[in-house]
Amino acid sequence: MRTGTNGLLLALLAALLGSFAGGVLAQQARQGPKQEQKQEREQEQKQEAPPVDPEAGAPEPAGPPMLEPETDFEKITGRLALETRDLLTKPFQVMPAPPPAVVLRGIIGFVIFLALAYVAGHSRVKRWERSLNIGHVVTAGLPFVILGFVASQPAVGILTPTTLAGVAPLLTLGLGWIGFGIGSRFAGQFYDRMPPNTGAAVILTTAIPMAILMLLGWLFVKFLGQGVVEGLEPRALREGLLLATAGAMSARSAPHFLRAFTPREAASPRMEWVIELEQLAGVFGTMFVSAFFRPLHGAVNWQLPGTAWLFVLFGMGLIMGIVVLATLTRIERGTQFTVALLGAISVTAGMASYLRLSAIAVCFLAGAIVFNLGGAWRDEVRVVLERMERPVYFLFLVIAGALWRPDDWRGWAFMGVFVAGRFLSKWVAAGMLGRFWMRDMSRHERGILVASPMGALSVAVVVQAQDLYPGPFVGWSVTAVIGGSILMEIALQLALRGRKGPEAEA
Amino acid sequence: MQAILLLTLLGLMHATRTFSPAPLAGSVPASVVMAGGFLLLTALFAGNLAKGIHMPRLTGYLMLGVLVGPQVLGLVTEGMLGQLRIFNGVAIALIALTAGAELDLKTMRPLFRGIAWITLVGVVGTGLLLSVTAFLMRGWLSFMGGMETGTALAVAAMLGTTAAAQSPAVVVALRKELNADGPVSRTVLGVVIVSDLVVILFFAFTSSIARGLLSPSGQQAAGLGTLVWEVAGSMVLGVLIGVLVAAFLRSLSEGGALFVVMVGFLTAEVGQRVHLDPLLLALAAGVFIRNATSYGDRLHHEIESASLPVYISFFAVAGASIHLDALAIVGLPAVTLVVVRGLGFLGGARLGARIAGSEEAVRRYAGFGLLPQAGLALALASLFTRSFPQLGDQSAALVFGVVALNEMFAPILYRMALVRSGEAEKLAETPAPPEALPQAETV
């Protein structure tokens with residue numbers, strides 16, 4: 001086995017250990033001092049309804065109830081069941097049916113957005129963007145964020161809450177599509193070509209930013225989130241982990257972009273490997289967050305600890321991978337194949353999301369199994385997956401823009417912390433890598449690691465978090481990640497303005 | 001293997017549903033995606049299994065829907081079905097667009113006489129016969145029990161029209177499956193396509209009258225204007241849609257499939273909200289593209305590559321929506337309508353073919369090609385139940401019951417008729433002009 005593969009296995013092991021550490025931390029954060037909790041629970045039970053942020057859309061469920069023997073289980077489950085029922089029925093009870101003109105505007109507007117996303121994802125548009133050096137999804141997607149934000153304003157009334165509720169299934173499907181697409185890139189042949197020390201490099205460039213960003217995010221929410229909702233502690237840790245997950249990754253297109261400003265001989269492909277493998281951090285991050293931070297804990301039939309949820313997640317990914325593999329192998333090529341692929345991704349993402357697990361992670365596992373064991377049709381499927389990836393991201397950006405609440409200053413402050421923390425942590429990681437593992441690393445390679453803008457998967461991570469954990473804190477993370485992505489790319493563009501590398505000149 | 005996969009998916013779905021019997025807050029979109037993907041995959045397997053035992057695939061889709069729906073296993077709930085019915089509108093529009101794109105007036109000219117007489121005697125005659133039967137059976141149908149004679153006549157006419165619908169999709173699919181060609185299969189194809197148009201027009205007409213009669217009295221005056229708007233407006237706007245689609249197909253070489261689905265979605269969703277008939281809109285667009293432009297085949301190809309997921313969902317959701325409990329109540333009227341329909345089509349087609357001087361094979365076997373029901377009938381049944389919710393579950397059960405019975409048995413009969421007429425496997429020997437052989441949908 002090559003060194004790169006060893007490194008990757010180490011990275012996976014580290015990620016697993018990290019998950020367990022995260023789980024323990026999360027559990028500790030939930031448990032806290034027993035006496036204090038008991039008092040809090042008594043207070044909670046006295047309250048008729050949990051405090052709700054009026055701007056946060058659906059009310060965030062109250063802190064996760066404890067399931068120790070001394071807990072009054074029936075009262076808590078009863079209260080949660082009531083909350084769940086309220087959450088389920090509120091939109092239908094409170095919101096009157098919109099007039100046909102509003103519905104029509106929503107339908108037509110959304111179809112236009114879909115068409116724009118499709119066109120923007122077209123290969124010709126992509127080439128044109130690259131020629132202008134704005135080939136990153138986030139920069140190219142900035143107009144979609146703005147469009148989504150504008151379209152959600154009451155005066156415009158295109159992306160109304162009703163429309164957004166109607167298109168929510170597309171988000172779940174899109175998350176699954178992205179997860180499956182990422183999984184498709186991690187087939188066996190991928191590891192065989194991996195350069196030495198890649199695994200160690202990935203550990204450093206993801207673990208250090210994750211640790212720093214998690215700490216910063218946790219502290220930020222802990223101090224500025226006082227009084228916003230109940231049960232702050234686990235949420236602060238969760239937001240920290242989400243921020244860490246989103247910030248650990250870089251845009252896949254970053255090496256191509258930076259190479260345009262780099263002499264040919266200095267542009268080693270190994271950084272592309274590192275950045276590609278960083279996507280795993282995103283997948284594992286969402287995996288652990290969704291396994292250990294369970295929304296609506298207590299209102300469902302399956303009462304499992306976080307570690308067991310992790311097993312469920314892996315098991316589901318494995319089983320669905322085998323089912324999808326068997327399906328695609330048995331089905332006729334042509335239109336039936338398309339139906340099978342669409343159905344497989346839908347059912348996998350839907351099941352994961354139904355269990356409140358990460359659709360990205362489960363579909364990633366299924367996709368990795370399918371593409372490691374699949375037949376000659378793999379390349380064809382990969383092309384289909386990649387062709388739709390950009391439109392899906394653009395659609396995410398429209399919806400993220402529509403759900404964006406930029407009037408909360410704490411979101412912007414969070415963005416500042418996030419950008420500074422990410423830059424600093426990547427700089428530290430690149431420095432350590434150059435000193436200990438890749439002594440021959442060039443200045444340009446270091447530049448790629450430190451200055452790489454964030455990728456579209458980071459956006460998908462926070463979009464998924466909005467689905468799993470609706471509430472004000474995720475809104476801050478959305479502002480931090482989307483705003484931060486754009487800010488970093490613009491800063492990079494400005495820094496490189498006027499410099500033309502060999503590719504740009506060509 | 002596909003049976004094992006089907007069972008595995010049923011088990012996985014059941015296991016997942018035990019997490020929480022009803023979708024949790026925030027899980028509603030997930031449950032819709034899960035149910036949609038589950039229906040797509042399992043119906044695909046069921047369709048292939050049905051094909052393996054010489055049944056049409058769509059029978060498999062429908063039966064699977066019945067099995068997993070709320071009435072039997074309950075893996076797909078009413079709530080999930082409600083969200084998944086968004087496919088109905090798209091499917092209705094795509095079916096009508098396909099039917100319109102198959103209506104090549106130039107190719108069908110030699111068969112016009114036979115087609116016209118069979119349509120008139122067989123289809124229109126059977127429609128009238130079915131309407132009279134439904135009216136006479138009103139004592140058995142609780143939803144027509146308290147109606148005045150005029151209202152009952154209008155509802156009976158609508159039921160008769162819906163029950164008279166046929167299936168170009170099944171006819172084309174069986175023709176392709178058997179490689180059949182000859183006067184029987186060609187005449188049947190012509191009749192079912194022309195009948196589509198006739199049935200759609202009759203449905204629009206009768207439903208407008210019924211809507212006027214069933215609405216509060218103040219709205220009755222608007223009946224004629226509504227009908228004119230619904231029929232004439234739909235046809236004019238449909239032609240405009242056809243112009244747009246043709247312009248897209250001429251300008252761009254890729255993305256046509258997605259574009260056609262988008263057009264179907266917009267036609268269905270916008271059409272019904274501005275009181276236009278999505279069926280007529282799409283049919284007019286399809287007829288225009290086939291006969292006034294050179295993009296008919298391209299449109300057919302684009303629809304074929306994009307429509308299968310929509311069709312499968314549509315049929316599976318339709319199967320899951322069948323109220324078996326209500327069907328038990330309306331079982332006798334449904335069987336009566338199926339029998340009357342069968343006798344009417346067989347007798348009417350024979351008489352029409354004799355008047356037109358068609359060949360003996362056409363006289364004997366063409367009627368069997370009119371028996372299958374699928375896309376259009378389900379589309380009309382869906383429109384019927386959506387337009388007149390006040391008629392209740394029993395009316396929905398009746399129209400879907402008639403369609404379900406015809407779906408299950410009629411394709412088998414038409415398959416036998418094609419084999420006996422000697423037209424099976426003729427296509428390979430004497431290939432027909434491409435215009436007459438639209439690419440069969442796998443439904």
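All values reported here derive from a predicted model rather than from experimental measurement.

A. Structural context of the overall build of chain B. Within chain B, the regular secondary structure consists of 19 helices and zero strands. A buried classification covers 60% of the 443 residues belonging to chain B. Long-range contacts, defined as pairs at least 24 residues apart, comprise 83% of the intrachain contacts of chain B with a sequence gap of at least 6.

B. Spatial organisation of the packing of helix α7 (residues 112-136) of chain B against helix α8 (residues 149-164) of chain B. All names here are of chain B. Contact geometry for α7 and α8: axes closest at 7 Å, N-to-C directions at 135°. As judged from the angle between their axes, α7 and α8 are oblique. As for how α7 packs across α8, the hand of that crossing is right-handed. Between α7 and α8, the residues in contact are Gly127, Leu130, Ser131, Ala134 and Phe135 and Thr149, Ala152, Leu153, Ala156, Ala157, Leu159, Gly160, Thr161, Ala163 and Ala164, respectively. Of the residues contributing to the contact of α7 with α8, the split by class is ten nonpolar, five polar and no charged.

C. Expanded view of the packing of aromatic side chains. All names here are of chain A. Counted by the stated rule, this structure contains seven aromatic pairs over all chains. Look at Phe220 and Trp476: their rings are 6.1 Å apart centre to centre, the planes differ by 90°, and that puts the pair in the edge-to-face class. Taken together, the residues Phe220 in helix α9 (residues 198-224) and Trp476 in helix α20 (residues 472-496) connect sequence positions 256 residues apart. Each member of the pair, Phe220 as well as Trp476, is classed as buried.

D. Highlighting the interface of chain A and chain B. Contact residues are listed per partner, giving 46 residues for chain A and 51 residues for chain B. Taking both sides of the interface into account, the surface hidden between chain A and chain B amounts to around 4,200 Å²; carbon and sulfur atoms contribute 78%. Its largest share of buried area at the contact with chain B, chain A owes to Val339(A), Met351(A) and Tyr354(A), together 18% of the area lost on that side. Scanning the region where chain A abuts chain B turns up zero salt bridges. At the junction of chain A with chain B, the criterion picks out one residue pair in polar contact (both at pLDDT 80 or more). Contributions of two or more residues to the side of chain A that touches chain B are made by α3 (73-94), α4 (100-120), α7 (161-184), α13 (306-330) and α14 (335-354) of chain A.

E. Main features of a positive patch on the surface. A cluster of basic residues, Arg350(B), Arg354(B), Arg364(B) and Arg420(B), forms a positive patch on the protein surface. Using a relative accessible area of 62% as the deciding quantity, one classes Arg420(B) as exposed.

F. Inspection of the pattern of salt bridges at higher detail. Counting across every chain of the model gives four salt bridges over all chains. For Arg238(A), the salt bridge is made with Glu239(A), and the minimal N-O distance between the two is 2.9 Å. The buried category is assigned to Arg238(A), whose relative accessible area is 5%. Across the pair Glu360(B) and Arg363(B) runs a salt bridge, and its minimum N-O distance is 3.9 Å. One end of the pair, Glu360(B), and the other, Arg363(B), are both in helix α17 (residues 360-369), three residues apart, so they sit about a helical turn from each other.

G. Structural detail: the packing of helix α16 (residues 378-403) of chain A against helix α19 (residues 456-468) of chain A. Residues and elements named next belong to chain A. The interhelical angle for the contact between α16 and α19, taken along N-to-C directions, is 50°, at an axis separation of 10 Å. Taken together, the axes of α16 and α19 lie oblique to each other. Like other packed secondary-structure pairs, α16 and α19 cross with a definite hand, here left-handed. Each of Tyr393, Phe396, Leu397, Ala400 and Leu403 in α16 lies in contact with α19, whose residues at this interface are Ala456, Leu457, Val459, Ala460, Val463 and Gln466. Residues that form the contact of α16 with α19 fall into these classes: ten nonpolar, one polar and no charged.

H. The arrangement of the confidence of the model for chain A in detail. Residues and elements named next belong to chain A. Summary statistics for chain A give a mean pLDDT of 71 and a share of 69% for residues scoring 70 or more. At the low end of the mean pLDDT range in chain A sits α3, at 39; at the high end sits helix α15 (residues 359-373), at 90. Low pLDDT, under 50, characterises residues 501-506; the predicted model gives this stretch 14 contacts beyond four residues in sequence or across chains.

I. Broad picture of unusual backbone geometry. Even without a glycine there, the phi angle at Arg356(A) is positive, about 60°. Assessed through its relative accessible area of 2%, Arg356(A) is described here as buried.

J. Broad picture of the environment of Ala43(B). Residues and elements named next belong to chain B. Structurally, Ala43 can be placed in helix α2 (residues 28-52). When its relative accessible area of 0% is taken as the criterion, Ala43 is described as buried. When the C-alpha positions of Ala43 and Leu6 are compared, they lie 8.7 Å apart, and in sequence the two are 37 residues distant. If sequence neighbours within four positions are ignored, Ala43 has contacts with Phe38, Tyr61, Leu64, Ile312 and Ala316.

K. Summary view of the side chain of Ser152(A). All names here are of chain A. Among the secondary structure elements, Ser152 is positioned in the loop between α6 (137-151) and α7. Ser152 sits in the buried class, given a relative accessible area of 17%. Looking at Ser152, its side chain comes within polar contact range of the main-chain oxygen of Phe149, at 2.7 Å. Sequence-distant contacts of Ser152, that is, excluding residues within four places in its chain, are made with Leu159, Gly401 and Ala402.

L. Broad picture of helix α1 (residues 2-17) of chain B. The end-to-end C-alpha distance of α1(B) is 22 Å, a good match for the 22 Å that 16 residues give at a rise of 1.5 Å each. For α1(B), the secondary structure elements touched by its buried residues are α13 and α14 of chain A together with α2, α3 (57-68) and α4 (78-84) of chain B.

M. Looking closely at the environment of Met320(A). With respect to the helices and strands, Met320(A) occurs in helix α13. In this structure Met320(A) comes out as buried when scored by relative accessible area, which is 2%. Through-space distance from the C-alpha of Met320(A) to that of Ile345(A) is 9.3 Å; in sequence the pair is 25 residues apart. Apart from residues lying up to four places away in sequence, Met320(A) is in contact with Val347(A), Thr348(A), Met351(A), Ala366(A), Leu9(B) and Leu12(B).

N. Structural detail: the environment of Leu40(B). Mapping Leu40(B) onto the fold places it in helix α2. Taking the C-alpha atoms as reference, Leu40(B) lies 9.6 Å from Phe314(B); in sequence the two are 274 residues apart. When sequence neighbours within four positions are dropped, the list of residues in contact with Leu40(B) reads Val339(A), Leu342(A), Gly343(A), Pro309(B), Ile312(B) and Ser313(B).

O. Seen up close, a nonpolar patch on the surface. All names here are of chain A. Nonpolar side chains collect at one region of the surface, where Ile108, Ile112, Leu116 and Leu147 lie side by side and expose about 300 Å² of accessible area between them. The biggest single contributor to the nonpolar patch is α4, with three residues. By secondary structure assignment, the location of Leu147 is in helix α6.

Thresholds, definitions, all that
- Residues numbered from 1 in each chain as written.
- Chains lettered and ligands numbered in written order.
- Predicted model: local features only at pLDDT ≥ 70, side-chain atom pairs only at ≥ 80, totals over all residues.
- Heavy atoms only, no water.
- Helix = DSSP H or I, 4+ residues; strand = E, 2+ residues; numbered from the N terminus.
- Buried < 20%, exposed > 50% of the residue type's maximum accessible area, 1.4 Å probe, protein only.
- Contact = heavy atoms within 4.5 Å.
- Axes fitted to C-alpha atoms, helices over the stretch in contact; angles between N-to-C directions.
- Parallel < 35°, antiparallel > 145°, perpendicular 65-115°, else oblique.
- Left-handed = near helix turned anticlockwise from the far one by under 90°.
- Nonpolar A, V, L, I, M, F, W, Y, C, P; charged D, E, K, R; others polar.
- Phe/Tyr/Trp six-rings, centres within 6.5 Å; stacked < 30°, edge-to-face > 60°.
- Buried area = accessible area lost by both parts, 1.4 Å probe.
- Salt bridge = Lys/Arg side-chain N within 4 Å of Asp/Glu carboxyl O.
- Polar contact = N/O pair within 3.5 Å; in protein donor to acceptor, adjacent residues only side chain to side chain.
- Patch = residues over 30% accessible without salt bridge, like charges linked within 9 Å, V, L, I, M, F, W, Y side chains within 5 Å.
- Areas by Shrake-Rupley, 256 points an atom, 1.4 Å probe, with all protein chains shown as cover.
- Lys, Arg positive; Asp, Glu negative; His and termini not counted.
- Charge placed at Lys NZ, Arg CZ, Asp CG, Glu CD.
- pLDDT = per-residue confidence, 0-100.
- Expected span 1.5 Å × (residues − 1).

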